[in-house]
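# A closer look at the structure
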Amino acid sequence: MHLWIPEILQLIFEYVYDPSRTKEDSEGRVTVANLARTCQAFKDPALDVLWAQLHSLDALVLCSGGRRVNDDSQAVWERPLYDADWCILASYAKRVHTLTISLQSDTWDISTMHILNCFPLPGGLLPALTELNWLSNREDFFPFLHCFCGPTLKTLELSPTTWSVCKCVAIASLAPSCPLLEDFLCFGADDSSMQAISEAVLGWKKLEVLEVGPVNEQALMHVASLHTLQSLRFSASSELIPHVLEFCSPRARIEIVALTPSSLQTFMQNVHFSIQRLDLRCPLYDDVFPHLFFTHLKDCVVHPEKLIELLLLPGMTTKEDTNHESIVLTSLMLRPLLSFKGLRQLDLGHSCTAHMDDSFLNELALSCPGLEQLYLGDQKSWLVDPLLTFDGVISLLKHCRQLSALGVFFNATLKNYAIHATPVHAVSPKIKTFFVGSSLIYDPVRVAAVLSFLFPSLTHINYCTPDASPKQLQGRLKKWMSVDTTFETFVSARRQSWEQGWAEGKAAVEKTTVA
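Residues numbered from 1 in each chain as written. Predicted model: local features only at pLDDT ≥ 70, side-chain atom pairs only at ≥ 80, totals over all residues. Heavy atoms only, no water.

## Describing the overall build of the protein
The number of helices and strands found in the protein is 16 helices and 20 strands. Looking at the protein residue by residue over its 515 residues, the buried ones come to 50%. A separation of at least 24 residues holds for 74% of the contacts in the protein among residues at least 6 apart in sequence. (Helix = DSSP H or I, 4+ residues; strand = E, 2+ residues; numbered from the N terminus. Buried < 20%, exposed > 50% of the residue type's maximum accessible area, 1.4 Å probe, protein only. Contact = heavy atoms within 4.5 Å.)

Below, the structure written as structure tokens:
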């Protein structure tokens, strides 16, 4: 058995039992456990697979003299741990790469943490740990966070729902314990945790992913200067920052969350972006959408032509807001977007683009011919009638030949349009997804015929289906439902016609060749 290569064995055992699967595979786990007992050559590779990921501390307790109590719901030590116990625990703990402290762990006896904190052997409790998911909100657990954060840790996820002095102290002093951390995610962070998280962030020099709430200016400047940065998400203050903040990691995705579009505009006034991907999110709407929002956005992007992804996700709208023209984006407001000539993805799907006209969409298509995904007002049920028509959509399809996903809020009325009048060079077989939102429509059959011609690879049409749609929209939604039902029939018939034509043409060519 000495000819077995451990790495290949481990790959085989991971195929039998993969702990990263979402569904627990007890049969696979038992199989690998049996393999570990088969021979010495199988033992270490099999144990490495079994212990690679832990979803609780129970396994560590049970392997070192603990037992289950309270109807087998909890593992505890009921006697002291001696040198032999610690050595057994260490022999398994050294194999752990991922540990999750879940919400279910809130029922654990605190003595488990106290005993693990007494680990006496050199090298730390979990010397190979690379990922720690600390999902517990239990306050008396947080002082023990440092027991699990070692120099090998690369990913740390925290999700406290409430903050206290104890939690802030534990987080603020994390950096010296895990100086090589690459991914830090802290969902639920708020103003009370800002200083603690900022203090920790300043100590990490190799961050690749940072997803937090508010952080102070010093921490932002530190992160913005990191060339290792790949993804950043933070909450922006509504106050103008005193110094220019420069994000100079060209490959990083920056996601900024601000209270309203106006708050976001204020924050951007002293920010420079040298990046390719930008997400802007606002949980609330202003009474009036800032008219110069996209002008400020263009001014703060250092190289507009290099931006390839732009997303704007404004807040939830009430039923009254869906008919409020003060939040509608006009062609004039959106004109600065024409400077982003390298865009591949533009997502304004949650914004009301009802006042965008055919002329502007044509200009956008000419300016950004490399667009692959485009979403314009298609994700909500707007009551404002759109200016955009089939003419604008067809113009877009003629110029943007790389589109694979399209969402557009438009007037799908076909006054003088017939299928034979639709230009062949607007046909877009690459488009596999099409959203129409609550677009205006009158003749479902004709619309289905035209769309089936334009999008031969589609299988159905996506439209808004709100739980309680206003009466003005109920008629539209029924008609789009009819389009979706009819669409598949048109596509199937057209595909059969093309296949038949292709077969007949091929047969004619073969006959000519033989003759």
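What follows continues from the structure just given.
## Comments concerning the nonpolar core
Within the largest apolar cluster, 156 residues are counted, with the highest numbers of intra-cluster contacts made by Leu-132, Phe-148, Phe-184, Phe-234, Phe-247 and Ile-254. Among the elements that take part in this core, helix H3 (residues 40-51) stands out by supplying 6 residues, more than any other. The residues touching Leu-132, leaving out its near neighbours within four places in the chain, are Leu-99, Ile-101, Leu-145, Phe-148, Cys-149, Leu-153, Thr-155, Leu-156 and Glu-157. (Core = buried A, V, L, I, M, F, W, Y, C linked by side-chain atoms within 4.5 Å.)

## Observations concerning the packing of aromatic side chains
For the structure shown, the criterion picks out 14 aromatic pairs. Centre to centre, the rings of Phe-289 and Phe-294 are 6.2 Å apart; their planes meet at 20 degrees, and the pair counts as stacked. Accessibility assignment for this pair places Phe-289 and Phe-294 in one class, buried. With 5.2 Å between their ring centres and 80 degrees between their planes, Phe-293 and Phe-294 make a pair best called edge-to-face. The same class applies to Phe-293 as to Phe-294, namely buried. (Phe/Tyr/Trp six-rings, centres within 6.5 Å; stacked < 30°, edge-to-face > 60°.)

## Topic: the pattern of salt bridges
According to the stated counting rule, one finds 15 salt bridges in the structure shown. Its salt-bridge partner being Arg-253, residue Asp-279 comes within 3.4 Å of it at the nearest N-O pair. Here Asp-279, found in strand S13 (residues 277-281), pairs with Arg-253, found in strand S11 (residues 253-257); they are 26 residues apart in sequence, far enough to count as distant. For Glu-363, the salt bridge identified is with Arg-335, shortest N-O distance 2.9 Å. Taken as a pair, Glu-363 in helix H13 (residues 358-367) and Arg-335 in the loop between helix H12 (331-334) and strand S16 (345-348) lie far apart in primary sequence, 28 residues in all. Residue Arg-335 is classed as partly exposed on the basis of its relative accessible area of 34%. Salt bridges sharing partners connect three or more residues here, namely Arg-233, Arg-253, Glu-255, Arg-277, Asp-279, Arg-281 and Glu-309. (Salt bridge = Lys/Arg side-chain N within 4 Å of Asp/Glu carboxyl O.)

## Digging into the packing of helix H7 (residues 165-172) against helix H8 (residues 194-202)
Between H7 and H8, the least distance of the axes is 8 Å, while the angle of their chain directions is 10 degrees. On the basis of the axis angle, H7 is roughly parallel to H8. Taken as a pair, H7 and H8 cross one another with a handedness that is left-handed. Contacts between H7 and H8 involve Cys-168, Ile-171 and Ala-172 from the former and Ala-196, Ile-197, Glu-199 and Ala-200 from the latter. (Axes fitted to C-alpha atoms, helices over the stretch in contact; angles between N-to-C directions. Parallel < 35°, antiparallel > 145°, perpendicular 65-115°, else oblique. Left-handed = near helix turned anticlockwise from the far one by under 90°.)

## So, the pairing of strand S9 (residues 231-235)
Where strand S8 (residues 209-214) and S9 come together, 4 bridges link them in parallel fashion. Bridge assignment links Pro-214 to a residue of S9, and that residue is Ser-235. Taken together, S8, helix H9 (residues 217-224) and S9 constitute a β-α-β crossover, and its handedness is right-handed. Bridge count between S9 and S11: 5 bridges; the pairing is parallel. Residue Leu-232 lies in a different strand from S11, and its bridge partner there is Ile-254. (Pairing = 2+ DSSP bridges. Right-handed = clockwise from strand over helix to strand, strands pointing away.)

## Considerations on the pairing of strand S19 (residues 405-408)
The two faces of S19 match: Ala-405 and Gly-407 on one face and Leu-406 and Val-408 on the other face are all buried. Two elements, strand S18 (residues 373-376) and S19, share 4 bridges in a ladder whose sense is parallel. What sits directly across from Gln-373, in S19, is Ala-405. In this view, the connection linking S18 to its parallel neighbour S19 by way of helix H14 (residues 390-399) has right-handed handedness.

## As for the side chain of Ser-395
Secondary-structure assignment places Ser-395 in helix H14. With residues near it in sequence (within four places) discarded, Ser-395 still touches Asn-362 and Ala-365.

## As for the side chain of Ser-438
Within the element layout of this structure, Ser-438 appears in the loop between strand S20 (433-435) and helix H15 (444-454). Judged by relative accessible area, which is 0%, Ser-438 ranks as buried. A distance of 3.1 Å separates a polar side-chain atom of Ser-438 from the backbone nitrogen of Trp-382. Apart from residues lying up to four places away in sequence, Ser-438 is in contact with Lys-380, Ser-381, Trp-382, Phe-409, Cys-464, Leu-473 and Arg-476. (Polar contact = N/O pair within 3.5 Å; in protein donor to acceptor, adjacent residues only side chain to side chain.)

## Regarding the environment of Val-302
Checked against the element boundaries, Val-302 lands in the loop between helix H11 (293-300) and strand S14 (309-313). For the pair Val-302 and Phe-247, spaced 55 residues apart in sequence, the C-alpha to C-alpha distance is 9.8 Å. Residues contacting Val-302, with those up to four places away along its chain left out, are His-272, Phe-273 and Ser-274.

## A look at the packing of H8 against H9
Where H8 meets H9, the closest approach of the two axes is 9 Å, and the angle between their N-to-C directions is 30 degrees. Like other packed secondary-structure pairs, H8 and H9 cross with a definite hand, here left-handed. Counting all contacts with H8, which are made through Ser-198, Val-201 and Leu-202, the residues of H9 involved are Gln-218, Ala-219, His-222 and Val-223. Here the residues of the contact of H8 with H9 are counted per class, giving 4 nonpolar, 3 polar and no charged. (Nonpolar A, V, L, I, M, F, W, Y, C, P; charged D, E, K, R; others polar.)

## Some remarks on the environment of Trp-134
Residue placement: Trp-134 occurs in strand S5 (residues 131-134). The buried category is assigned to Trp-134, whose relative accessible area is 0%. Note: C-alpha distance between Trp-134 and Thr-100 (34 residues apart in sequence) is 6.0 Å. Ignoring anything within four residues of it in the chain, the contact list for Trp-134 reads Ile-101, Met-113, Phe-141, Phe-142, Phe-144, Leu-145, Phe-148, Glu-157, Leu-158 and Ser-159.

On their own, these measurements won't tell you what the molecule is for.
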